[in-house]
Amino acid sequence: MKPLLFNLASDPAVAARLAQLLPADSGELELHRFPDGESYLRFHTECQDRDCLLFCNLHHPDEKLAPLLFAAATLRELGASRLLLISPYLGYMRQDIRFKPGECVSSRVFARLLSDHFDGLITVDPHLHRYASLDEIYSLRSILVPAAPLIAHWIRQQIRHPLLIGPDAESEQWVSDVANLAGAPWQILHKERHGDYTVDVSLPDVERWRTHTPVLVDDIISSGHTMLETLHHLQQAGLPRATCIAVHGIFAGDAYRQLQACADVISTDCIPHPSNAIHIAEALAAACRHWLQG
């Protein structure tokens with residue numbers, strides 16, 4: 001029998017496209033919230049002995065975690081064969097160490113919760129800072145979908161003479177991958193942070209690239225302060241209007257508005273946002289097919 005795909009009230013456009021691309025039947029799931037905030041779930045599709053795929057984007061994990069775990073537990077009780085979680089953005093990867101006494105290392109706790117309820121996980125470029133891979137904290141079988149080929153394809157199609165720029169050392173893996181795939185030159189800048197909202201970024205060596213379009217690529221854009229500082233340096237250097245690309249565009253507060261004032265802002269649709277221009281459904285579907293065959 002074909003697998004069943006359920007969308008847990010998440011990103012209908014990506015979920016719909018995924019349903020078109022997968023060899024899976026769309027399952028019917030009823031989800032309701034009571035006045036006190038509790039979740040009610042009911043599966044209207046028979047799932048006995050069928051692989052079940054749950055699409056649930058975890059970019060707001062606290063409000064989604066309880067329904068997600070309830071859904072997984074219920075599918076187990078109803079006889080589902082295997083459970084695969086598809087989450088383009090994987091939350092709770094920030095706190096990967098105990099910086100201060102008494103802190104919760106939430107990435108490990110979150111990983112245990114998901115590993116206890118699912119057999120597999122598919123996500124796009126999780127923020128692996130101090131972890132070499134998800135296998136360090138997840139015991140399920142995970143497949144990571146790289147965004148670099150998708151971003152490189154977009155750059156080749158949209159920007160004639162790109163110069164890829166990474167705002168800090170952490171972005172080097174993303175920038176170098178994208179640049180190599182796009183056949184473009186790249187630079188990594190030096191960042192010095194003085195607090196949550198104060199960042200100094202080194203002035204790049206741009207003399208030989210004045211006719212190129214700066215393309216800033218990072219895995220996550222949240223406050224946008226690092227990008228803004230970099231853009232200001234590029235403007236002062238007299239470079240053309242830049243393009244900012246995020247794998248995961250969080251855009252906290254008015255970050256998007258501020259960035260738009262001095263750059264073209266593009267993101268993948270890992271997180272729903274008006275800046276979405278790089279689509280991930282086909283890559284997710286390919287990863288799902290690979291997982292199902294394993």
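Details of the structure are given in the entry above.
Okay, so let's go over this structure. (Residues numbered from 1 in each chain as written. Predicted model: local features only at pLDDT ≥ 70, side-chain atom pairs only at ≥ 80, totals over all residues. Heavy atoms only, no water.)

A word on the pattern of salt bridges. A complete count under the given rule lists seven salt bridges for this structure. A salt bridge links D96 to R130; the nearest nitrogen and oxygen atoms lie 2.8 Å apart. Placement of D96 in the loop between β6 (83-86) and α3 (106-117) and of R130 in the loop between β7 (120-124) and β8 (141-145) is noted, with a sequence separation of 34 residues between them. In this structure, D264 and R241 form a salt bridge, with 3.1 Å as the shortest nitrogen-oxygen distance. Of this pair, D264 sits in strand β15 (residues 263-268) while R241 sits in the loop between α6 (225-236) and β14 (242-249), and the two are 23 residues apart along the sequence. Judged by its relative accessible area of 38%, D264 falls in the partly exposed class. When its relative accessible area of 42% is taken as the criterion, R241 is described as partly exposed. (Salt bridge = Lys/Arg side-chain N within 4 Å of Asp/Glu carboxyl O. Helix = DSSP H or I, 4+ residues; strand = E, 2+ residues; numbered from the N terminus. Buried < 20%, exposed > 50% of the residue type's maximum accessible area, 1.4 Å probe, protein only.)

A few words on the environment of S222. With respect to the secondary-structure elements, S222 resides in the loop between β13 (213-221) and α6. Between the C-alpha atoms of S222 and L29, which are 193 residues apart in sequence, the distance is 32 Å. Each residue touching S222, except ones within four places of it in the same chain, is listed here: I250, F251, A252 and A255. (Contact = heavy atoms within 4.5 Å.)

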